[in-house]
2 protein chains.
Amino acid sequence: MFKINENFLKLPGSYLFSTIGKKVASFKENNPDKEVISLGIGDVTQPLAPAVIDAMHKAVDEMSKAETFHGYAPDLGYEFLRKAIVENDYRSRGVEIALDEIFISDGAKSDSGNIVDIFSCDNKIAVTDPVYPVYVDSNAMAGKTGDYLPDQERWSNVIYMPCTAENDFVPDLPEEAPDIIYICCPNNPTGTALKKDDLQKWVNYANENKAVIIYDAAYEAYISEEDVPHSIFECDGAKTCAIEMRSFSKNAGFTGTRLGFTVIPKELMCGETSVNSLWARRHGTKFNGAPYIIQRAGEAVYSDEGKAQTREQIAYYMNNAKEIRGALSDMGYDVYGGVNAPYIWLKTPDGMKSWDFFDLLLEKANVVGTPGSGFGPSGEGYFRLTAFGSSENTKKALERIKSL
Amino acid sequence: MFKINENFLKLPGSYLFSTIGKKVASFKENNPDKEVISLGIGDVTQPLAPAVIDAMHKAVDEMSKAETFHGYAPDLGYEFLRKAIVENDYRSRGVEIALDEIFISDGAKSDSGNIVDIFSCDNKIAVTDPVYPVYVDSNAMAGKTGDYLPDQERWSNVIYMPCTAENDFVPDLPEEAPDIIYICCPNNPTGTALKKDDLQKWVNYANENKAVIIYDAAYEAYISEEDVPHSIFECDGAKTCAIEMRSFSKNAGFTGTRLGFTVIPKELMCGETSVNSLWARRHGTKFNGAPYIIQRAGEAVYSDEGKAQTREQIAYYMNNAKEIRGALSDMGYDVYGGVNAPYIWLKTPDGMKSWDFFDLLLEKANVVGTPGSGFGPSGEGYFRLTAFGSSENTKKALERIKSL
């Protein structure tokens, strides 16, 4: 008799954004005349850059002729894309990454969920709190998080590292040493970022404790301050303790185009075993590459035109972030993030619960945001707005919030 | 201190096709003047159909304008694609599948590897032998297969169901009841297919033993015989015991374009739990959809032009299959498959070992095939050739084999 993975049954409720999606759909159905503006899910709204569009048309044409047709991609991804990454994302910042330390994938969400496969079940994970739900949920599915304690809204076997206004959103080194540490920087959901000195402390701590850091740098392109590192490998010693994940979703608007990559330095060892070789095996066995057309699209992001065009998109979104920060501050809200990231993290007024504020905003202002508590217990009393809307919608949403 | 998943270390050697790739690369390096023809890995060679190309150009253009841009896809995949699947793959054959029983993915390899996530570690799996390596390897990575016994070339906790010329490649019902049964039909690697009566026996057996069948129908489009089912759901009672996986790789040449889907009927229950709901959770948490452009490409496969054009491609490959079958039979080889599938499975001459025949073919004929033993112990003494080459190369390869 077949048996399911019972760990799935421990998961509380549904995936955060599915719940929000259902609430919004139900509101729209009951209020067909209301125009709802979403500053909720971190989805982009600007079209793909012209350089990317051109590259895809060209690649589609290649797929139409036998001489230039592409079947299965190389296991790690096409070299043209990995070379562009080595050059533009790493060498340009003084970091040397080898071609076979890069694994092209269909996005950072898949990678950050699938990476649990290569680690043992008895690792203890540490996550910042609040946190992107995929890190904890994917570990919970693999039975690595103990039991869910509904009254505390946390898992019994996870180390939560609160990041709140009280500690300036810089997590303290935990008392109990974790085995695997998830850090998302610039941070989703708080929109804040660690300075290089702060990150270096974590790298040192991981090396001292033989822990591994899973570093999600999906929002790296939004960094505007000098002393915030773009890659964890800018820190000394990171190659012996860190895995870095990157995405094209936010720097080039690929949320519906799907491309990302994971970097695992060969120096990252567990005893005699190279972690790189384990991921290579997982990648080769349970994945079959990102589409050729999409890998060409990714390559175009690194062309001169691509870089200029995507920089403009990011500036557009960051202008929204500035507008949101400014307007909410003027209204008296406590506002964080939005300087090195496209997320604005605000304190709900009068200590309101996050989901109550979600309902208020949806019903009275017809604006969708994301309740902070959906990202973990320390997110309670906070709320996330994204800068990914159109400029017009962002302004309209702010006016509606003002008149609440 | 972090610990790796030790199950990875139990895996013997590397993924079959990586090994072949390395052998071929080394041969080419040492023999730069030799022209190597690959009838090895099951990769297609014909370009994408014009209807698919047109649909992709159109979708790329949509991504270039804010009004028609597409960000994150719906969790299950776009409805336009799921509707086309319901209509063309199922309703047309008298099978009713609901839209939310279909999960669009980036391919059957990912799905067949990732599906292990939703099952408990103490399920015992049964596989036909020989078998597509991903089923066993993905279970081995999850610690579900016991220990690898190198002398027997099998895992201690897997039920192997030999499929050889002796039983006409129809597996016998196993003595010990398995919990999860993998069936690939039409079969990779043997190229043979189960008749409906044979498959119905398996469905009955699974229902009686409360086992689940993971049915890989990636080669469904190659079926030419009337009494071979295209879907397991054509069998009575399959909805309470089967999961079906499909791919666009072989019916429409999407090996480098990446698209597939999994069907999990809501009637498939484990106690009170719907297996569909578990996969929905896994899919929503650890995957972020196939690209919009690729889902539009998939939709075009079901258009009238798309259907006519992909039928032509399949006829082209199946003509190769016929040529290979005929020529090898004339040379005195024992040949199987190639009627309902693009694979020809042959007995090596004089009881030669599969890898020895691989080396012989590579070195003397400069033709790459796949050693049967790479697919499991009962594949020893067999060899797989694919019909996916060009017509010219296929003929050339056959002439070279003839002159061995």
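The structure displayed is predicted, hence computed values, not measured ones.

1. Re the confidence of the model for chain A
Predicted coordinates in areas of low pLDDT are best not read in detail.
Next, step 1: In this model, chain A carries a mean pLDDT of 96, and residues with pLDDT of at least 70 account for 100%.
Next, step 2: With a pTM of 0.96, the predicted complex shows an ipTM of 0.96.

2. Things to note about the relation of the copies chain B and chain A
Next, step 1: When chain B is fitted to chain A, the best match, at an RMSD of 0.0 Å, comes from turning it 180 degrees and sliding it 0.0 Å along the axis. Such values leave the two copies arranged in the relation of a two-fold axis. Distance from the rotation axis, computed per C-alpha, reaches its smallest value in chain B at H57 of chain B: 3.1 Å.
Next, step 2: Interface overlap between copies is the fraction of interface residues in one copy that are interface residues in the other; for chain B against chain A it reaches 100%, indicating a shared surface.

3. With respect to helix 3 (residues 50-62) of chain B
Next, step 1: The terminal C-alpha atoms of helix 3 of chain B, which comprises 13 residues, lie 18 Å apart, in line with the 18 Å expected from a rise of 1.5 Å per residue.
Next, step 2: Turning to helix 3 of chain B, its buried residues number three or more, namely A51, V52, I53, A55, M56, H57, A59, V60 and E62 of chain B.
Next, step 3: Buried residues belonging to helix 3 of chain B abut helix 3 (50-62) and helix 9 (292-301) of chain A together with helix 9 (292-301) and helix 10 (304-330) of chain B.

4. Observations regarding empty space enclosed by the protein
In this approach, a probe sized like a water molecule rolls over the atoms, and the result shows the empty space that is left.
Next, step 1: Throughout the structure, instances matching the rule amount to seven cavities of 30 Å³ or more.
Next, step 2: As a volume, the largest cavity reaches approximately 180 Å³.
Next, step 3: Forming the boundary of the largest cavity are 20 residues, of which S110, N114 and F287 of chain A together with N114 and F287 of chain B lie nearest the centre.
Next, step 4: If you list the elements that add at least two residues to the lining of the largest cavity, you get helix 5 (108-114) and helix 8 (275-286) of chain A together with helix 5 (108-114) and helix 8 (275-286) of chain B.
Next, step 5: Residue composition of the lining of the largest cavity, by class: four nonpolar, eight polar and eight charged.
Next, step 6: If you go around the second largest cavity, you meet 13 residues; those closest to its centre are T128, F169, P171, C184 and N187 of chain A.
Next, step 7: Across the lining of the second largest cavity, the residue classes break down as nine nonpolar, four polar and no charged.

5. Describing the sheet that holds strand 13 (residues 335-337) of chain A
Two modes of strand pairing occur in sheets, parallel and antiparallel, and in both the strands are linked by backbone hydrogen bonds.
Next, step 1: Taken in spatial order, the four strands of this open sheet run 13-14-17-16 (chain A), and their pairing is antiparallel. Here the strands that pair on one side only, and so sit at the sheet edges, are strand 13 and strand 16 (370-371) of chain A.

6. A word on the state of the cysteines
Next, step 1: This model, assessed by the stated rule, comprises zero disulfides over all chains.
Next, step 2: With no disulfide partner, C184 of chain A has as its closest neighbouring cysteine sulfur the one in C185 of chain A, 7.6 Å distant.
Next, step 3: Left unpaired, C235 of chain B is separated from the closest cysteine sulfur, that of C241 of chain B, by 8.7 Å.
Next, step 4: Looking at C235 of chain B, the relative accessible area reads 3%, which means it is buried.

7. Structural notes on the side chain of T145 of chain B
All names here are of chain B.
Next, step 1: Its place among the elements puts T145 in the loop between helix 6 (133-141) and strand 4 (148-149).
Next, step 2: Relative accessible area serves as the criterion here: at 0%, T145 is assigned to the buried category.
Next, step 3: Residues within four places of T145 in sequence aside, it is in contact with I125, V136, N139, A140, W155, S156, N157 and V158.

8. Points about the pattern of salt bridges
All names here are of chain B.
Next, step 1: Taken as a whole and judged by the stated rule, the model has 44 salt bridges over all chains.
Next, step 2: The residue E166 makes a salt bridge to K347 at a minimum N-O spacing of 4.0 Å. Residue E166 is located in the loop between strand 6 (158-162) and strand 7 (180-184), and its partner K347 is located in strand 14 (residues 343-347); the two are separated by 181 residues in the primary sequence.
Next, step 3: Assessed through its relative accessible area of 66%, E166 is described here as exposed.

9. What about the environment of E6 of chain B?
Next, step 1: Within the secondary structure, E6 of chain B sits in the segment before helix 1 (7-10).
Next, step 2: Residue classification places E6 of chain B among the exposed positions, given a relative accessible area of 52%.

10. Description of the interface of chain B and chain A
Next, step 1: On the chain A side, the residues contacting the 82 residues of chain B number 82 residues.
Next, step 2: Here chain B meets chain A over a buried area of about 6,800 Å², counting both sides, of which 61% is carbon and sulfur.
Next, step 3: The largest share of the area that chain B buries against chain A comes from F2, Y72 and R281 of chain B, three residues that together contribute 13% of it.
Next, step 4: Taken together, chain B and chain A are joined by four salt bridges.
Next, step 5: D179 of chain A is the salt-bridge partner of K3 of chain B, the closest N and O atoms lying 3.7 Å from each other.
Next, step 6: Taken together, the connections running from chain B to chain A amount to 31 residue pairs in polar contact (both at pLDDT 80 or more).
Next, step 7: Looking at the side of chain B that touches chain A, the elements that each hand over two or more residues are helix 1, helix 3, helix 5, helix 6, strand 11 (269-270), helix 8 and helix 9 of chain B.
Next, step 8: Per-element accounting of the side of chain B that touches chain A gives the leading share, seven residues, to helix 8 of chain B.

11. Quick word on the packing of aromatic side chains
Next, step 1: Scanning all chains against the criterion turns up 50 aromatic pairs over all chains.
Next, step 2: Relative to Y343 of chain B, the ring of Y219 of chain B lies with its centre 5.1 Å away and its plane at 65 degrees, an arrangement referred to as edge-to-face. Of the two residues, Y219 of chain B sits in the loop between strand 8 (212-216) and strand 9 (242-247) while Y343 of chain B sits in strand 14, which places them 124 residues apart along the sequence. Residues Y219 of chain B and Y343 of chain B agree in their burial class; the two are buried.
Next, step 3: Site record: aromatic cluster; members linked through ring pairs are F17, F169, Y336, W345, F375 and Y382 of chain A.
Next, step 4: Its guanidinium or amino end placed over the ring of Y160 of chain A, R154 of chain A lies 4.9 Å from that ring's centre, counting from NZ or CZ.

12. Describing the sheet that holds strand 10 (residues 260-263) of chain B
Residues and elements named next belong to chain B.
Next, step 1: Strand order in the open sheet formed by seven strands is 2-10-9-8-7-3-6, with mixed pairing between adjacent strands. Pairing within the sheet leaves two strands with one partner each, and these edge strands are strand 2 (102-105) and strand 6. Pairs of neighbouring strands in the sheet enclose a mean axial angle of 20 degrees, with direction left out of account.
Next, step 2: Bridging between strand 8 and strand 9 involves four bridges; their strand directions are parallel.

13. Section: the nonpolar core
Next, step 1: Counting 201 residues, the largest nonpolar core has M56, I213 and L328 of chain A together with M56, I213 and L328 of chain B as its most contacted members.
Next, step 2: Not counting residues within four places of it along the chain, the set of residues in contact with M56 of chain A comprises L48, I293, I294 and A297 of chain A together with V60 and I293 of chain B.
Next, step 3: F8, V134 and C184 of chain A together with I243 of chain B belong to the second largest nonpolar core, which has 70 residues in total.

14. Quick notes on the packing of helix 2 (residues 16-30) of chain B against helix 11 (residues 354-365) of chain B
Residue and element names in this part refer to chain B.
Next, step 1: Packing of helix 2 against helix 11 leaves a shortest axis separation of 11 Å and a crossing angle of 35 degrees. Handedness of the helix 2/helix 11 crossing: right-handed. In this structure, helix 2 uses L16, T19, I20, K23, V24 and F27 to contact helix 11, whose residues at the interface are W355, F358, D359, L362 and E363.
Next, step 2: Residue composition of the contact of helix 2 with helix 11, grouped by class: seven nonpolar, one polar and three charged.

Rules used in this analysis
- Residues numbered from 1 in each chain as written.
- Chains lettered and ligands numbered in written order.
- Predicted model: local features only at pLDDT ≥ 70, side-chain atom pairs only at ≥ 80, totals over all residues.
- Heavy atoms only, no water.
- pLDDT = per-residue confidence, 0-100.
- Least-squares fit on C-alpha atoms with pLDDT ≥ 70 in both.
- Contact = heavy atoms within 4.5 Å.
- Helix = DSSP H or I, 4+ residues; strand = E, 2+ residues; numbered from the N terminus.
- Expected span 1.5 Å × (residues − 1).
- Buried < 20%, exposed > 50% of the residue type's maximum accessible area, 1.4 Å probe, protein only.
- 1 Å grid on protein atoms, 1.4 Å probe; cavity = no way out; pocket = protein on both sides within 12 Å on 5 of 7 lines; lining within 4 Å.
- Points joined across faces, edges and corners; volume = space filled by probe spheres on them.
- Nonpolar A, V, L, I, M, F, W, Y, C, P; charged D, E, K, R; others polar.
- Pairing = 2+ DSSP bridges.
- Disulfide = S-S within 2.5 Å.
- Salt bridge = Lys/Arg side-chain N within 4 Å of Asp/Glu carboxyl O.
- Buried area = accessible area lost by both parts, 1.4 Å probe.
- Polar contact = N/O pair within 3.5 Å; in protein donor to acceptor, adjacent residues only side chain to side chain.
- Phe/Tyr/Trp six-rings, centres within 6.5 Å; stacked < 30°, edge-to-face > 60°.
- Lys NZ or Arg CZ within 6 Å of the ring centre and 35° of its normal.
- Axes fitted to C-alpha atoms, helices over the stretch in contact; angles between N-to-C directions.
- Core = buried A, V, L, I, M, F, W, Y, C linked by side-chain atoms within 4.5 Å.
- Left-handed = near helix turned anticlockwise from the far one by under 90°.

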